[in-house]
Amino acid sequence: MRSKIVAGNWKMNKNLQETESLLAELSAKLPDTGAEVMVAPTFVNLTNAVRCLGASTIQVIAQNMHFADNGAFTGEISAEMLLNIKVDTVIIGHSERRAYFGETDEVLAKKVTAALTKNMRVMFCFGEELEDRKSGNHFNIVESQLRNALFSLDAKAWGNIILAYEPVWAIGTGETASPEQAQEMHAFIRKTIGDVYDVGIANNVSILYGGSVKPANAEEIFSKPDVDGGLIGGASLNADDFVAIIKAI
Ligand code: PEP
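Since we're looking at a predicted model, the values are computed, not measured. (Residues numbered from 1 in each chain as written. Predicted model: local features only at pLDDT ≥ 70, side-chain atom pairs only at ≥ 80, totals over all residues. Heavy atoms only, no water.)

**Student:** Mind laying out the pattern of salt bridges, listing which residues take part and the relevant values?
**Tutor:** Applying the stated rule across the entire model yields 16 salt bridges. With a shortest N-O distance of 3.4 Å, Asp 69 and Lys 118 are connected by a salt bridge. Pair noted here: Asp 69 is in the loop between strand S3 (59-60) and helix H3 (79-84) and Lys 118 is in the loop between helix H5 (105-117) and strand S5 (121-126), with a separation of 49 residues, a long-range link. In this structure Asp 69 comes out as partly exposed when scored by relative accessible area, which is 41%. Note that Glu 103 is salt-bridged to Lys 111, the shortest N-O span being 2.9 Å. Linked through salt bridges whose partners overlap, the residues forming this network are Arg 2, Arg 190, Asp 226 and Asp 228. (Salt bridge = Lys/Arg side-chain N within 4 Å of Asp/Glu carboxyl O. Helix = DSSP H or I, 4+ residues; strand = E, 2+ residues; numbered from the N terminus. Buried < 20%, exposed > 50% of the residue type's maximum accessible area, 1.4 Å probe, protein only.)

**Student:** Pulling in residues and values, what's your account of the site of the ligand?
**Tutor:** Taken together, 14 residues form the shell around the ligand, and within it Lys 11, His 94, Glu 166, Gly 172 and Ser 212 come nearest. Within the backbone of Ser 212, one N or O atom sits 2.8 Å away from an oxygen atom of the ligand. Gly 233 is positioned with one of its backbone polar atoms (N or O) 2.8 Å from an oxygen atom of the ligand. Computed on the free molecule, the ligand has an accessible area of 290 Å², of which 95% lies beneath the protein chains in the complex. Residues belonging to the shell around the ligand are distributed by class as follows: four nonpolar, eight polar and two charged. (Near = heavy atom within 4 Å. Polar contact = N/O pair within 3.5 Å; in protein donor to acceptor, adjacent residues only side chain to side chain. Areas by Shrake-Rupley, 256 points an atom, 1.4 Å probe, with all protein chains shown as cover. Nonpolar A, V, L, I, M, F, W, Y, C, P; charged D, E, K, R; others polar.)

**Student:** Account for the pairing of strand S7 (residues 206-210), naming residues and giving values.
**Tutor:** The element S7 is largely enclosed, with a buried count of five among its five residues. Residues Ser 206, Leu 208 and Gly 210 line one face of S7 and the alternating positions Ile 207 and Tyr 209 line the opposite face, and both faces are buried. Here strand S6 (residues 161-165) runs beside S7; their pairing, made up of four bridges, is parallel. Paired with Tyr 165 across the bridge in S7 is Tyr 209. In this sheet, strand S8 (residues 229-232) lies alongside S7 in parallel orientation, the contact comprising two bridges. Within the sheet, the bridge partner assigned to Tyr 209 lies in S8 and is Gly 230. (Pairing = 2+ DSSP bridges.)

**Student:** Before we move on, could you go through the packing of helix H1 (residues 16-29) against helix H2 (residues 46-53) and cite the residues and values that matter?
**Tutor:** Close contact between H1 and H2 brings their axes to 10 Å; oriented N to C, the two are set at 30°. The pairing of H1 with H2 is recorded here as roughly parallel in orientation. The handedness of the crossing between H1 and H2 is right-handed. On H2, the residues touching Leu 16, Thr 19, Glu 20, Leu 23 and Ser 27 of H1 are Asn 48, Ala 49, Cys 52 and Leu 53. (Axes fitted to C-alpha atoms, helices over the stretch in contact; angles between N-to-C directions. Parallel < 35°, antiparallel > 145°, perpendicular 65-115°, else oblique. Left-handed = near helix turned anticlockwise from the far one by under 90°. Contact = heavy atoms within 4.5 Å.)

**Student:** Now, about H1: what can you tell me, with residues and values included?
**Tutor:** For H1, built from 14 residues, the straight-helix expectation of 20 Å at 1.5 Å per residue is met to within 8% by its first-to-last C-alpha distance of 20 Å. Taken together, the buried positions of H1 are Thr 19, Leu 22, Leu 23 and Leu 26. Along the long axis of H1, the arc covered by the buried residues comes to 100°, so they all point the same way. Exposed and facing more than 90 degrees away from the buried side of H1 are Gln 17 and Ala 28. Considering only its buried residues, H1 is in contact with strand S2 (36-40), H2 and helix H11 (239-248). By the N-cap criterion, in which a side-chain oxygen at the helix start approaches the backbone nitrogen of a residue two or three places on, H1 is capped by Asn 15, the distance to Gln 17 being 3.1 Å. (Expected span 1.5 Å × (residues − 1). Arc of directions from axis to C-beta.)

**Student:** Go over the sheet that holds strand S4 (residues 89-92) with me, naming the residues and quoting the values.
**Tutor:** Sheet architecture is open: eight strands sit in the order S3-S2-S1-S8-S7-S6-S5-S4, paired in parallel fashion. Only two strands of the sheet have a single neighbouring strand rather than two, namely S3 and S4. By the bridge criterion, four bridges tie strand S1 (residues 5-9) to S8 in an arrangement that is parallel. Considered in S8, the bridge of Val 6 is made with Gly 230.

What follows is the structure, encoded as structure tokens:
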């Protein structure tokens, strides 16, 4: 179902005490906007984050997972393990996973399938590099990322997919896609899904924007009709900034 979502990707930041105090501050200040609010702490702090949030509506999600159920995959985490600690949503395909850990479309497709098979929700990230945009190839790149990882899924699976368009040149750089650039790409993504599947599926999927969203630019980006919220990195590490972004939805 298409919903408004604001998610914070904490990456490799915040130790246990910092995680707990940020969550406590967020819970206390959380505005009631009707949007889903999610945070993705590091793996080691997921269990505590879930406990610490108790009945709060803030959802704890994972930054990554492996596609296998279990086995000899040192350093990895499975869908079953996440579900066991009550984490049922996972980010897959973040550009840092693609760039620094060599995750290919093929691997990402396996991860998406593994998560969906376990009935998890998948927040799938994708987006073009600066050269792609400069050469006008950004629509082709985005289309191929979606095709390679998602377009073999059956229509039913789309109920558990959230998309996060994150142009790589805007992640952690302070540079943001303009609201018009975000809207143009989100509309393209929705149309592409409509062409491959159908308009009903396209209109039901939440498409988030990610890339240097801050309190100062969130409202304008979120005001665009095909932008259903944001995946926030740096600004989600500060409660007041994250709360201001949530209010902007
Ligand atoms: C991200 O890493 O998903 C992200 C959008 O980071 P930032 O907001 O810091 O650009």
